[in-house]
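A look at the structure
In case you want the letters, here they are:
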Amino acid sequence: MQVIAQMNGEMVTERGSVRPLLSARQKAAVIVRLLSTEGMNIPLTDLSDDQQTLLTGQIAQMRPVDRDTLMEIVNEFCRELESVGLTFPKGLPEALDMLDGQLSSSATSRLRRMIVASGSSDPWSRISGLSAEILTPVLLEESPEVGAVVLSKLSVAKAADVLGQLPGDKARRIAYAVSLTGNVAPETVQRIGMVLAQQLDALPDKAFDTGPVERVGAILNQSNSSVRDSVLEGLEEEDQVFADQVKKAIFTFALIPARIEARDIPKVLRGVDQTVLITALGSALQPDAPDLQVGEFILANISQRLAASLREEIEQRGKVKDKDAEAAKSEIVNAIRTLESAGELTFIATDEE
């Protein structure tokens, strides 16, 4: 129905009917009521508290709307939706989420501090997304009551993970404090979240994603045996504790029988070129080779036909140069490391571990 005149807060249609003009807030109330009637879940929590309050109050004041008016509001709403070509995040929190992983760590930390200081976001959405390894040291410094609030805001799985990493006495006190959180005011929980978020954002950025033990272990994994043994010997003289930790982080060709399940050997070999495998085994299966046990372990855990075929090719290959053998063994170790990182293979724990 076409509107042919507007005056004094009313509109006159081509049929001569007179209806009051509706404000933008009234039209929004009509759309929300219509969508709710259709059973749609509207994310009104995305609006600010003031907007939610005004909208709810407007809905409470509304009177029945005739069908023609409803259709006009719906058509106008659809036209506005169709005319939108591009939308942008609302506020810094959403903008930071959109650019997650594309900004430098220093810029990200600065923006997070600005968000927390402005109080424009829910600090718990960020805290709950942090790993147990980051949260555990923070809870060690906090009171059991604060720890109880934090655990209550985390998912059950993550809360259990954090609790399991705390010392027994601290974990018991926090677990008991959870029983006292029933009457904690929402404002208190929000304030605790803001303080914790500020503490977390104040932590200095790390230059490396992994610790020194993992980095040295990864480097030595790629080094030949003579370099590896020499470095470990030097580390033992400088720092025995660090050297022991590095040894645990190192996985070498010689450790395959002790750290790899027999059933995983075929899976490992599928990721290794046969020429590389023959070169590595050709060195390992020499009568006086230090890796003889490794070679026999590998052949014992594959099909007899494939093992026999490999033995024939190894015999035809003849003597293997030490340099070629080291490179081939490193490729097999890399294949194992790749499977382990992807969660497709698990190392057998040592007695110490």
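Residues numbered from 1 in each chain as written. Predicted model: local features only at pLDDT ≥ 70, side-chain atom pairs only at ≥ 80, totals over all residues. Heavy atoms only, no water.

**Topic: the overall build of the chain**
The following threshold applies: In this text, helices come from DSSP runs of H or I with a minimum length of four residues, and strands from runs of E with a minimum of two, each type numbered from the N-terminal end. Any residue under 20% of the maximum accessible area for its type is buried, any over 50% is exposed, and the rest in between are partly exposed; the area is computed with a 1.4 Å probe on protein chains only. The contact criterion used is simple: two residues touch if any of their non-hydrogen atoms lie within 4.5 Å. Shrake-Rupley sampling with a 1.4 Å probe provides the accessible areas, and residues are treated as covered by the protein chains on show and by no other component.
Scanning the chain for helices and strands turns up 20 helices and 3 strands. By residue count, 30% of the 353 residues in the chain fall in the buried class. A fraction of 67% describes how many contacts in the chain between residues 6 or more apart in sequence connect residues 24 or more apart. With the model as given, the accessible surface of the chain reaches about 22700 Å², and the carbon-plus-sulfur share is 53%.

**Regarding the confidence of the model for the chain**
Just so we agree on the cut-off: pLDDT is defined as a per-residue confidence score from the predictor, taking values between 0 and 100.
Residues with a pLDDT of 70 or more make up 85% of the chain, whose mean pLDDT is 82. Here strand 1 (residues 3-7) stands out as the element of the chain with the lowest mean pLDDT, 40, in contrast to helix 18 (residues 292-300), whose mean of 94 is the highest. Overall, residues 1-9 carries pLDDT values under 50, and its contacts beyond four positions in sequence, including any with other chains, amount to 24 contacts.

**Observations concerning a negative patch on the surface**
How we decide: Grouping into patches uses exposed residues only, defined as over 30% relative accessible area, and leaves out salt-bridged ones; the cut-off is 9 Å for like charges and 5 Å for nonpolar side chains (Val, Leu, Ile, Met, Phe, Trp, Tyr). Throughout this description, the term salt bridge denotes a Lys or Arg side-chain nitrogen within 4 Å of a carboxyl oxygen of Asp or Glu. None of His or the chain ends enter the tally, which takes Lys and Arg as positive and Asp and Glu as negative. A single reference atom marks each charge: NZ on Lys, CZ on Arg, CG on Asp, CD on Glu.
A cluster of acidic residues, Asp229, Glu233, Glu237, Glu238, Asp239 and Asp244, forms a negative patch at the surface. Here the element with the most residues in the negative patch is helix 13 (residues 225-238); it accounts for 4 residues. Mapped onto the elements, Asp229 comes out in helix 13.

**Some words on the nonpolar core**
How we decide: Side-chain atoms within 4.5 Å are what join buried Ala, Val, Leu, Ile, Met, Phe, Trp, Tyr and Cys residues into a set we call a nonpolar core.
Counting 31 residues, the largest nonpolar core has Phe253, Ile256, Ile332 and Ile336 as its most contacted members. Elements with a minimum of two residues in this core: helix 16 (265-270), helix 17 (274-284), helix 18, helix 19 (304-317) and helix 20 (322-341). Aside from chain neighbours lying at most four places away, what touches Ile256 is Phe251, Ile265, Val294, Phe297, Ile298, Ile332 and Ile336. Counting 21 residues, the second-largest nonpolar core is a separate cluster that includes Val146, Val162, Ile192 and Leu196.

**Brief notes about helix 13**
Owing to its 3.6 residues per turn, the α-helix aligns residues three or four sequence positions apart on the same side. Worth spelling out the cut-off: Multiply 1.5 Å by the residue count of a helix minus one, and that product is the helix's expected span. Picture the helix axis, draw a direction to every C-beta atom, and the arc is the one those directions span.
With 14 residues, helix 13 extends 20 Å from end C-alpha to end C-alpha; this agrees with the ideal 20 Å at 1.5 Å per step. The set of residues buried in helix 13 consists of Arg228, Leu232 and Leu235. Looking down the long axis of helix 13, one finds its buried residues gathered within 60° of arc, a one-sided arrangement. The exposed residues of helix 13 that point more than 90 degrees off its buried face are Glu237 and Glu238.

**A word on the side chain of Asp291**
Inspection of the secondary structure assignment puts Asp291 in the loop between helix 17 and helix 18. Setting aside chain neighbours within four positions, we find Asp291 in contact with Phe253, Ala254, Ala284 and Lys329.

**Comments concerning the packing of helix 13 against helix 14 (residues 240-249)**
Which entries qualify depends on this criterion: Note on geometry: axes are C-alpha line fits, over the in-contact stretch for helices, and angles between N-to-C directions span 0 to 180 degrees. Gly counts as polar in this scheme, as do all residues outside two lists: the nonpolar Ala, Val, Leu, Ile, Met, Phe, Trp, Tyr, Cys and Pro, and the charged Asp, Glu, Lys and Arg.
Put simply, helix 13 and helix 14 touch, their axes get as near as 6 Å, and they point 145° apart. Contacts between helix 13 and helix 14 involve Leu232, Leu235, Glu236 and Glu238 from the former and Gln240, Phe242, Ala243, Val246 and Lys247 from the latter. Tallied by class, the residues present in the contact of helix 13 with helix 14 amount to 5 nonpolar, 1 polar and 3 charged.

**Details of the packing of aromatic side chains**
The condition that has to hold: Whether two aromatic rings pair depends on their centres lying within 6.5 Å, for rings of Phe, Tyr and Trp, where Trp uses its six-membered ring; planes under 30 degrees apart make the pair stacked, over 60 edge-to-face, and the rest tilted.
Under the counting rule described, the total for this entry stands at 1 aromatic pair. Pairing Phe251 with Phe347 gives two aromatic rings, centres 4.8 Å apart and planes at 20°, and the pair type is stacked. With Phe251 in the loop between helix 14 and helix 15 (256-259) and Phe347 in the segment after helix 20, the pair connects residues that are 96 residues apart, well separated along the chain. Residue Phe251 is classed as buried on the basis of its relative accessible area of 2%. Here Phe347 falls in the buried class, since its relative accessible area comes to 18%.

**Overview of the packing of helix 17 against helix 19**
Heads up, the rule is: Here roughly perpendicular refers to angles of 65 to 115 degrees, roughly parallel to angles under 35, roughly antiparallel to angles over 145, and oblique to all remaining angles.
Contact pair helix 17 / helix 19: the axes reach a minimum separation of 9 Å and the direction vectors enclose 70°. Overall, the two elements helix 17 and helix 19 adopt an arrangement that is roughly perpendicular. For the pair helix 17 and helix 19, contact is made by Gln274, Leu277, Ile278, Thr279, Leu281 and Gly282 and by Leu310, Glu313, Ile314 and Arg317, respectively. Of the residues belonging to the contact of helix 17 with helix 19, the class tally is 5 nonpolar, 3 polar and 2 charged.

**Overview of the environment of Arg337**
Among the secondary structure elements, Arg337 is positioned in helix 20. Put simply, Arg337 and Phe251 are 86 residues apart on the chain and 8.3 Å apart in space, counted from C-alpha to C-alpha.

**Comments concerning the pattern of salt bridges**
Tallying each qualifying case throughout the model produces 7 salt bridges. Between Asp169 and Arg173 there is a salt bridge, and its shortest N-O distance comes to 3.1 Å. Of this pair, Asp169 and Arg173 both sit in helix 10 (residues 168-178), 4 residues apart, which is roughly one turn of that helix. Note on Asp169: relative accessible area 44%, which makes it partly exposed. Classification of Arg173 as partly exposed rests on a relative accessible area of 39%.

**Regarding the environment of Ile192**
For Ile192, the position within the fold is in helix 11 (residues 186-202). The buried category is assigned to Ile192, whose relative accessible area is 17%. When near neighbours in sequence (up to four residues on either side) are disregarded, Ile192 contacts Trp124, Val146 and Val149.

**Examining helix 3 (residues 67-83)**
The following threshold applies: Polar contacts, as counted here, are pairs of nitrogen or oxygen atoms within 3.5 Å of one another; within protein the pair requires one atom able to donate a hydrogen and one able to accept it, and residues that are adjacent in sequence qualify only if both atoms are side-chain atoms.
The end-to-end C-alpha distance of helix 3 is 24 Å, a good match for the 24 Å that 17 residues give at a rise of 1.5 Å each. Among the residues of helix 3, Thr69, Glu72, Ile73 and Val74 are the ones counted as buried. The opening residue of helix 3 is Asp66, an N-cap whose side-chain oxygen sits 3.1 Å from the backbone nitrogen of Asp68.

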